[in-house]
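Okay, here's what each chain looks like letter by letter:
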Amino acid sequence: MARAKYVLAAAFLVALALFGRRYHWVEAADTAERDRFVDRAELIRHGEFPRDPFHPPLYALLAAGLAPLVGGAFAAARTISNLAACGLALTAFGFGARLRDRRAGVLSMALVAVNPNCWIFGEQASTDMLFACFAAAALLAALAYLQRPSPRAALAAGAAIALAAWVRGNAALLVPALLLAYFLAPAKPTRNPSGGAPVAGRVPAHVGLALAAALLLLAPLWWLRWRQFGGPFYDDNSRNLWWKLYAQGDWSLLERAPPSSFGRLLLDAPARIAGSALRELWNFLAKVLPDLLGGWWCAPPFLLAVATAIRGRRRDAIFLLAALGIFTFGVAAVFFTLGRLLLLWIPIASALSIAACLALADKPAPPAGPRLAFATTTALIVLTFYSTLFSKLTWFVRQHPYAEIAALAPLDREIAPDEALAGTAPFLQRYLTHRYVHLTDETGLSGVDDYKDWCAMEQLLHSARVRYVVVSDIELRRRPRALLGEGAPPPGLELVRQDAHIALWRVRDGEPCR
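Residues numbered from 1 in each chain as written. Predicted model: local features only at pLDDT ≥ 70, side-chain atom pairs only at ≥ 80, totals over all residues. Heavy atoms only, no water.

(A) Focus on the overall build of the protein chain. Looking only at helices and strands, the protein chain features 19 helices and 5 strands. Against the globule reference of 24 Å for 514 residues, the protein chain gives a C-alpha radius of gyration of 25 Å, in line with a compact fold. Taken over the C-alpha atoms alone, the protein chain extends approximately 85 × 55 × 45 Å along its principal axes. Scored against the burial criterion, the 514 residues of the protein chain give a buried share of 52%. Considering only residue pairs separated by 6 or more positions, the protein chain has 69% of its internal contacts joining residues 24 or more positions apart. Of the roughly 23500 Å² of accessible surface on the protein chain, a fraction of 63% belongs to carbon and sulfur atoms. For the protein chain, the distance from the average site of its 52 positive side-chain charges to the average site of its 38 negative ones is 15 Å. (Helix = DSSP H or I, 4+ residues; strand = E, 2+ residues; numbered from the N terminus. Rg over C-alpha atoms; globule rule 2.2 N^0.38 Å. Buried < 20%, exposed > 50% of the residue type's maximum accessible area, 1.4 Å probe, protein only. Contact = heavy atoms within 4.5 Å. Areas by Shrake-Rupley, 256 points an atom, 1.4 Å probe, with all protein chains shown as cover. Lys, Arg positive; Asp, Glu negative; His and termini not counted. Charge placed at Lys NZ, Arg CZ, Asp CG, Glu CD.)

Okay, structure coming up:
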């Protein structure tokens, strides 16, 4: 089984790499890749450290370091996400093996490997998968400590949560779960169920070891934050909480959020935050969780696992459920329960579900029990694989701006040196020789709104000497549908061609409107 674990991990990594190279050679539409981690990696490569008040720098640093080896910062960022997805699958083996046995570990790993979220977020140039990998490793180490307290497990938990904090500040939401593991661990030496020496009990020195490992790894991060922002614990994500509570979906207000902190917002509006958190939790349970698990068919085995853990009073399973609950509530309180922020659920829920399915073999008399366990685990993996391959990945591939690049590439060879191209996709500059102007949308994502006033857009295109504009349905967002060629054409633009997904416009000569 140990060999099967590594074979499966290697196969998963190769498959992710090949899929990414073939289909994800450009950022997908409407994803967290809009946070521009690749641009930050490029800045580091050119000797300038990016100033990012929202994200710790580990992901950009790794992408910058790997870029010369894999052909650029974007390929490096994608490779890091590939490796992180493979690491997440390996943590699923650890959870399954500790909840039941190595067979459960391999099957849990297989279920994670066919989960569509691991394929989609395991390709994207964003911090989602890397954070999930480190966070899952921290909880796996905590589970190992709960079952068998040891300095090694304590050190691993401290190191893993520190690495998670290098990726995202909300790693702090994992601290209560690690403390819970310590208090649930046996206080005194207990009998070893597999024979041999007794299992040691917890000791306060283990907390010190975990804390020392975390502080050692976090010290450089705090120094960097102090150098850049004047404080070691500086984090601007309180703006996201303010935006969630007061902006009513208007992204243009994010940059104008008043200076605050999580503590101050909590004191000012505790009822509003609590109500928002409860609504987000309901949304998570009703909509996000089934999709995170891989599909609605994964919900019954997971519910069976929850019922089995509660009925059997299994400390290990109850700890994992409590850890997930604490982390999810924290995310719901400070932001939204988006699936990409909660990928940590995937390896743990998969392992709990597989262990519950395999436990069916323990109940009825043979051969009915083993057959039922085999049928349920096989159905779980096969249905998830089928949905991933023929539905979720097909949708994901369609979210890429291939058509926009194909439309602009020949024009890039024709226009004059001082002319530019424009479009609604934000990342096309690296595929073009001439200047590329990204047209902002009315969410105010780039701090400018050029669409409430068509005249302003026409002036922008003329001032930037844009010759052609390409608009796609996948990047339309809240822009007017007239940009897709529906209804009257926008002023100053002449439709060159149109199909089901894109519209290509030529900017008319002459003076823009005033």
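Still to come is the rest of the account.
(B) Layout of the pattern of salt bridges. If you walk through the whole model with that rule in mind, you get 15 salt bridges. One salt bridge connects E486 with R481, and the closest N-O pair in it is separated by 3.0 Å. With a relative accessible area of 39%, E486 lands in the partly exposed category. Looking at R481, the relative accessible area reads 45%, which means it is partly exposed. The closest approach of N and O atoms between R506 and E494, which form a salt bridge, is 3.6 Å. Highlighted residues: R506 in strand β5 (residues 502-507) and E494 in strand β4 (residues 493-498), separated in sequence by 12 residues. Note on R506: relative accessible area 26%, which makes it partly exposed. Since its relative accessible area comes to 33%, E494 is described here as partly exposed. (Salt bridge = Lys/Arg side-chain N within 4 Å of Asp/Glu carboxyl O.)

(C) Local environment of the layout of surface pockets. Looking at the second largest pocket, its volume works out to about 590 Å³. As for the second largest pocket, its lining consists of 21 residues, and the residues nearest its centre are G94, R98, L140, A144 and R152. Of all elements in the fold, only α1 (2-23), α4 (73-99), α7 (128-147) and α8 (151-167) reach the threshold of two or more residues within the lining of the second largest pocket. No other element matches the 7 residues that α4 contributes to the lining of the second largest pocket. Taken together, the residues that form the lining of the second largest pocket break down as 12 nonpolar, 4 polar and 5 charged. (1 Å grid on protein atoms, 1.4 Å probe; cavity = no way out; pocket = protein on both sides within 12 Å on 5 of 7 lines; lining within 4 Å. Points joined across faces, edges and corners; volume = space filled by probe spheres on them. Nonpolar A, V, L, I, M, F, W, Y, C, P; charged D, E, K, R; others polar.)

(D) Highlighting the packing of aromatic side chains. Within the structure shown, the criterion is met by 17 aromatic pairs. Aromatic pair W25 and Y402: ring centres 5.4 Å apart, planes at 25 degrees, arrangement stacked. Placement of the pair is W25 in the loop between α1 and α2 (37-45) and Y402 in helix α18 (residues 402-412), with a sequence separation of 377 residues. Taken together, a centroid distance of 5.3 Å and an interplanar angle of 75 degrees make the contact between Y182 and F183 edge-to-face. What makes F183 exposed here is its relative accessible area of 57%. Of the aromatic side chains, those joined through ring pairs into one cluster are F12, F19, Y23, W119 and F396. It is R22 that lies over the ring of Y23; its NZ or CZ is 4.7 Å from the centre. (Phe/Tyr/Trp six-rings, centres within 6.5 Å; stacked < 30°, edge-to-face > 60°. Lys NZ or Arg CZ within 6 Å of the ring centre and 35° of its normal.)

(E) Representation of empty space enclosed by the protein within the structure. The tally for this structure, following the rule as stated, stands at 2 cavities of 30 Å³ or more. There is about 70 Å³ of room inside the largest cavity. F37, R40, F49, P50, D52, H55, P56, P57, A60, R225 and Q228 are the residues that line the largest cavity. When residues of the lining of the largest cavity are traced back to their parent elements, those giving at least two are α2 and α10 (204-229). Among the residues forming the lining of the largest cavity, the class breakdown is 6 nonpolar, 2 polar and 3 charged. Lining the second largest cavity are L111, L293, C298, P301, A349, S350, S353 and L380. Top element by residues in the lining of the second largest cavity is helix α16 (residues 345-358). It accounts for 3 residues. Its residues assigned to classes, the lining of the second largest cavity shows 6 nonpolar, 2 polar and no charged.

(F) Structural context of the nonpolar core. If you look at the biggest cluster of nonpolar residues, it comprises 114 residues, and the most contacted ones within it are F95, L139, F319, L344 and W345. Beyond its immediate chain neighbours, meaning those up to four positions away, L344 contacts A132, A135, A136, L139, L174, L324 and F327. A422, V471, L483 and L484 belong to the second largest nonpolar core, which has 17 residues in total. (Core = buried A, V, L, I, M, F, W, Y, C linked by side-chain atoms within 4.5 Å.)

(G) The arrangement of the pairing of β4 in detail. Pairing of β4 with β5, which is carried by 5 bridges, proceeds in the antiparallel orientation. Counted as the bridge partner of R497 is L504 from β5. (Pairing = 2+ DSSP bridges.)

(H) Quick look at the side chain of S276. Structurally, S276 can be placed in helix α13 (residues 270-293). Within the structure, the side chain of S276 is placed 2.9 Å from the side chain of K244, a separation counted as a polar contact. Other than its neighbours up to four places away in sequence, S276 contacts K244, L245 and A332. (Polar contact = N/O pair within 3.5 Å; in protein donor to acceptor, adjacent residues only side chain to side chain.)

(I) Examining a nonpolar patch on the surface more closely. A cluster of nonpolar side chains, namely F385, Y386, L389 and F390, defines an oily patch on the protein surface of about 450 Å² accessible area. Here Y386 is to be found in helix α17 (residues 368-398). Given the relative accessible area of 53%, Y386 is considered exposed. (Patch = residues over 30% accessible without salt bridge, like charges linked within 9 Å, V, L, I, M, F, W, Y side chains within 5 Å.)

(J) Just the environment of G208, in detail. Take G208: it is sitting in helix α10. A relative accessible area of 37% places G208 in the partly exposed class. For the pair formed by G208 and L155, sequence separation is 53 residues and the distance between their alpha carbons is 9.1 Å.

(K) Local environment of the sheet that holds β4. The strand order across the open sheet built from 5 strands is β2-β1-β3-β5-β4, with neighbouring strands paired in mixed fashion. Lying at the two open borders of the sheet, with one neighbouring strand each, are β2 (435-438) and β4. In this sheet, neighbouring strand axes are inclined to one another by 25 degrees on average, regardless of whether the strands run parallel or antiparallel. (Axes fitted to C-alpha atoms, helices over the stretch in contact; angles between N-to-C directions.)

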